[in-house]
Amino acid sequence: MTIALSQIRRCLEGAVPSVLATAAQDGTPNIAYLSQVHYVDEKHVALSYQFFNKTRENILANPRAVVQVIDPADASHYRLQLQYLRTETDGPLFENMKAKLAGIASHTGMSKVFRLLGSDVYRVLEVECVLGGNPVTVTPEPHLLPNLRACLARLAGCSDLAQLFDATLESLAQFCRFDHAMLLMFDASRNRLYTVASRGYPQSGIGSEIGLGEGIIGVAARERTPIRIGYAAREYLYGRAVREGFASSADGDALETEIPFTGLAESNSQLAVPLLLGRRLLGMLYVESPQELRFTFEDEDALVVLASQLAVTFELLSQSAEQHEEPATTTPAATAQGVPLVIRHFAADHSVFIDNDYLIKGVAGAIFWKLVRDRSEAGRSEFTNRELRLDPELKLPDISDNLEARLILLQRRLAERCPFLVIEKTGRGRFRLKVDRPLQLNDVPVR
Amino acid sequence: MHKKTSNSPVLDEQHAEFITQRVSILVASCNADRMPSLTRSFGCRVSPDRCTVTLFLSVPRSESLLRDLRAGGAIAVVFSRPSTHETLQLKGASASIVPIDVDDRARMRTYGESLADDIRQIGWQEPFVSALVTVLGEEAVGVSFTPNAAFVQTPGPAAGRRLEPNP
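Report on the accompanying structure.

Basis of the calculations
Residue positions within a chain follow its written sequence, with the count starting from 1. Following the order in which they are written, the chains are lettered starting with A and the ligands numbered starting with 1. Local features in this predicted model are restricted to residues of pLDDT 70 or higher, and side-chain atom pairs are both shown and tallied only at a pLDDT of 80 or more, whereas totals for entire chains, interfaces and linings draw on every residue. Heavy atoms from the whole structure form the basis of all side-chain values; hydrogens and water molecules are not counted. Among buried residues, the Ala, Val, Leu, Ile, Met, Phe, Trp, Tyr and Cys ones that are joined through side-chain atoms within 4.5 Å form a nonpolar core. To sort residues, take the accessible area from a 1.4 Å probe on protein chains only and compare it with the maximum for the residue type: under 20% means buried, over 50% means exposed, and anything in between is partly exposed. The split of the chain into domains comes from an automatic or database domain assignment. In this description, contact between two residues means that some pair of their heavy atoms is separated by no more than 4.5 Å. Buried area: the sum, over both parts, of the accessible surface (1.4 Å probe) that disappears when the two are put together. Salt bridges are defined as contacts in which a side-chain nitrogen from Lys or Arg sits within 4 Å of a carboxyl oxygen from Asp or Glu. Polar contact is defined as a pair of N or O atoms within 3.5 Å, subject to the rule that within protein one atom must be able to donate a hydrogen and the other to accept it, and that residues adjacent in sequence are counted only when both atoms are side-chain atoms. By definition, any uninterrupted DSSP run of H or I lasting at least four residues is a helix, any uninterrupted run of E lasting at least two residues is a strand, and each is numbered from the N terminus. Here a cavity means grid points, on a 1 Å grid over the protein atoms only, where a 1.4 Å probe fits yet cannot get out; a pocket means an open set of points with protein on both sides within 12 Å along at least five of seven lines; lining residues are those with an atom within 4 Å of a point. Grid points are joined across faces, edges and corners, and a volume is the space filled by probe spheres set on the points. Residues are grouped as follows: Ala, Val, Leu, Ile, Met, Phe, Trp, Tyr, Cys and Pro are nonpolar; Asp, Glu, Lys and Arg are charged; all remaining types, including Gly, are polar. Note: two strands are recorded as paired if DSSP finds a minimum of 2 bridges between them. Angular values range over 0 to 180 degrees, each being the angle between N-to-C directions of two axes fitted as lines to C-alpha atoms, with helices fitted over their stretch in contact. Helices are assigned an expected span. That span is 1.5 Å times one less than the residue count.

### Side note on the nonpolar core
1) Next: Counting 68 residues, the largest nonpolar core has Phe165, Ile367, Phe368 and Leu421 of chain A as its most contacted members.
2) Next: There are two domains that each give this core at least three residues, and those are domain 2 (145-322) and domain 3 (341-444) of chain A.
3) Next: When residues no more than four places from it in sequence are discounted, the contact partners of Phe368 of chain A are Ile343, Val352, Ile354, Leu359, Leu410, Leu414 and Leu421 of chain A.
4) Next: Core analysis: the second largest hydrophobic core is formed by 47 residues, Val16 of chain A together with Val53, Phe56 and Tyr111 of chain B among them.

Take a look at the structure:
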């Protein structure tokens, strides 16, 4: 019976150690335990190369090998006949295995011993089920396709980006029971990701940022590859990645203008999937769990399909938000009463503080500053995305930068930080700035 | 390669004890084309002089390996304790296929129970545990060989250290 590699993927999760046999030129066999047998595709696996040892010596001299893997559910054994092809020392496959190895190492208390030197790619010549053994009853894994279908149906019903963000995370919780999830957008001009929606955390973390290469999300984003780990490694947790980001931050981003990253303190399973349009990175979809080995290969498949649909829908909705040609109405804004809100804007990085509390910075900060200035100086309260895009002072990045996502970020930060300033959608590509208190503006120019 | 003599086994007493219980045992050989073969062993016994190790193998699970050994292939065996990662690899220039008796069957059962106990310690449960260690009822043979080299392979600084023969 021919067995497809995809049928035995759960043997490759690292739950049970796999074993590799190689042979030297003189025919002396050698056996080694492997940290990882990584599923590359139906015809290839990659094995972790951690030490220059007998195995290494053997495969370079004689590329034939056999690896035995074990099903963690029913203890079935499978043997894979392999042919060594090459070793990769950077790129998506390597980074994926490196992140996974770091998790395995910290899980087994081997952090100091385990370091990935390379990903050895092998062609799978044959998959053999080892005969014998007693049949055991194993609970079948749940089918994910109906859940995925339900998620996709929810996405299809969304008419704007804010709905799309929330529907994505809600449907993941409802249909897939992924209870801790977040969605981040990519700011290509600054090479950073910013959180626009989250679910299942005490703090939303909206507006918090992560650099490319920081933590699982940052590495997966940089490499444009999904990364799934079943044992989280300390060095890949956000808290730490973000703190180290502070330490190495040379771009003048001061600590007090950072929004704390949310995320589980005791996160053990993590799955980060890029939202891609071709090779263009739009953002990241991320789920995590306190349970070890929570996400399966099938979960990863499902999330990758969902992410590709999300990316396309995202692009369609953001374009339609900017195609609205109708100018904003010029109804004068109502006069607000009460103690003025002091709004400070630092032109250097467009960071904005309301009554000394940090709100936002960067492009969203610049947009906010334009809105409150127009409101104060011209009494305007109605705006369109299009006019922001065309505003020469804002100097928005090109069309691929997502203005609508930044407006959602700003809208949500305001909702969390300042109840007196509200951004309300008034139609496709149109919104209103509602102001319930007088504004006192204070611009701090670049020194 | 180091040549052992009959009065200097490469296995010391401590390791001879170690390999008979609470360890996962994997056996490899290779054919004339240097394609390796690999199978699991279900226990072993060590001769009183510690010069011969006899592994117990399920025949249906080990066809290619037995074929390679019959053709004169060399042998490598890894013993690893799941709960501690303690690992030892033995090598032999050749091996012979020998019948096993009722005592060996009893040793296989005892061995299976000890391995099951060890993997339960690190959190494995049924049905995995029983399925992993049960070969009762399968045709089984012994594979006898004389270890000519032993290597400590416990992950860590000493990994790869060769054990020197103890007279």
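Next comes the rest of the write-up.
### Focus: the interface of chain A and chain B
1) Next: Listed by partner, the interface residues are 41 residues for chain A and 34 residues for chain B.
2) Next: At the boundary of chain A with chain B, total buried surface from both sides reaches about 3000 Å², with 64% on carbon and sulfur atoms.
3) Next: The largest share of the area that chain A buries against chain B comes from Pro29, Ile31 and Tyr33 of chain A, three residues that together contribute 21% of it.
4) Next: On the surface where chain A and chain B come into contact, there are zero salt bridges.
5) Next: The tally of links from chain A across to chain B stands at nine residue pairs in polar contact (both at pLDDT 80 or more).
6) Next: For the side of chain A that touches chain B, the secondary structure elements donating two or more residues are β1 (18-23), β2 (29-34), β5 (64-70) and β6 (77-88) of chain A.
7) Next: Element by element, the count of residues in the side of chain A that touches chain B is highest for β5 of chain A, at six residues.

### Structural notes on the environment of Ile343 of chain A
Residues and elements named next belong to chain A.
1) Next: You can see Ile343 is positioned in strand β14 (residues 341-346).
2) Next: Sequence separation of Ile343 and Trp369 is 26 residues, and the distance between their C-alpha atoms is 8.7 Å.
3) Next: Aside from chain neighbours lying at most four places away, what touches Ile343 is Val352, Phe353, Ile354, Phe368, Trp369, Val372, Leu421, Leu439, Gln440, Leu441 and Asn442.

### Remarks on empty space enclosed by the protein
Gaps left between atoms are located by rolling a probe of water-molecule size over the structure's atoms.
All names here are of chain A.
1) Next: Evaluated as defined, the whole model comprises four cavities of 30 Å³ or more.
2) Next: Approximately 140 Å³ is the volume found for the largest cavity.
3) Next: Of all the elements in the fold, those that place two or more residues in the lining of the largest cavity are β3 (37-41), α2 (92-107) and β11 (227-229).
4) Next: For the lining of the largest cavity, the residue count by class is nine nonpolar, six polar and three charged.
5) Next: For the lining of the largest cavity, the domains that each give at least three residues are domain 1 (5-129) and domain 2 (145-322).
6) Next: Here the second largest cavity is characterised by a volume of approximately 120 Å³.

### A short note on the layout of surface pockets
Residue and element names in this part refer to chain A.
1) Next: Roughly 270 Å³ of volume is contained in the second largest pocket.
2) Next: Along the wall of the second largest pocket there are 17 residues; nearest its centre are Gln203, Ser204, Gly205, Ile259 and Pro260.
3) Next: Residue contributions to the lining of the second largest pocket peak at three residues, all from helix α10 (residues 403-417).
4) Next: For the lining of the second largest pocket, a count of residues per class yields seven nonpolar, five polar and five charged.
5) Next: There are two domains that each give the lining of the second largest pocket at least three residues, and those are domain 2 (145-322) and domain 3 (341-444).

### Let's talk about the sheet that holds strand β17 (residues 382-384) of chain A
Residue and element names in this part refer to chain A.
1) Next: Strand order in the open sheet made by the three strands is β17-β19-β18, with antiparallel pairing throughout. Each edge of the sheet is formed by a strand with only one pairing partner; in this case those strands are β17 and β18 (421-427). Neighbouring strand axes in the sheet, compared pairwise and without regard to direction, differ in orientation by 30° on average.
2) Next: Each of β17, β18 and β19 (430-435) is contacted by helix α8 (residues 362-378), which is oriented at about 65° to β19, the strand it contacts most.
3) Next: Sheet strands touched by α10: β18 and β19. Its angle to β18, the strand with the most contacts, is close to 140°.

### Concerning helix α4 (residues 161-176) of chain A
Residues and elements named next belong to chain A.
1) Next: Under the 1.5 Å per step criterion, the end-to-end length of α4 is 21 Å for 16 residues, consistent within 8% with the ideal 22 Å.
2) Next: Taken together, the buried positions of α4 are occupied by Leu161, Ala162, Leu164, Phe165, Ala167, Thr168, Leu169, Ser171, Leu172, Ala173 and Cys176.
3) Next: Residues of α4 that are buried in the fold lie against α3 (145-156), β8 (180-187), β9 (192-199), β13 (280-289), α7 (297-322) and α10.
4) Next: Looking at where α4 begins, the residue whose side-chain oxygen comes 3.1 Å from the main-chain nitrogen of Ala162 is Asp160.
5) Next: Trailing α4 by a residue or two, Arg177 shows a phi angle of about 55°, which is positive.

### Focus: the sheet that holds strand β7 (residues 140-145) of chain B
Residues and elements named next belong to chain B.
1) Next: Reading across the sheet, the nine strands line up as β6-β7-β3-β2-β1-β4-β5-β8-β9 and stay open at both edges, with antiparallel pairing between neighbours. Edge strands, defined here as strands with exactly one partner in the open sheet, are β6 (96-98) and β9 (161-162).
2) Next: Sheet topology note: the strand β5 (residues 87-92)/strand β8 (residues 149-152) ladder contains four bridges and is antiparallel. Residue Leu90 lies in a different strand from β8, and its bridge partner there is Ala150.

### Regarding helix α3 (residues 102-121) of chain B
Residue and element names in this part refer to chain B.
1) Next: Relative to the 28 Å expected for 20 residues at 1.5 Å per residue, α3 spans 29 Å between its end C-alpha atoms, a close match to the ideal helical length.
2) Next: Buried within α3 are the following residues: Asp104, Met108, Tyr111, Gly112, Ser114, Leu115, Ala116, Asp118 and Ile119.
3) Next: The inward-facing, buried residues of α3 abut β1 (24-30), β2 (36-46), β3 (53-58), α4 (128-133) and β7.
4) Next: With a side-chain oxygen lying 3.1 Å from the backbone nitrogen of Asp103, the N-terminal cap of α3 falls on Asp101.
5) Next: Gly123 lies just past α3 and shows a positive phi near 105°.

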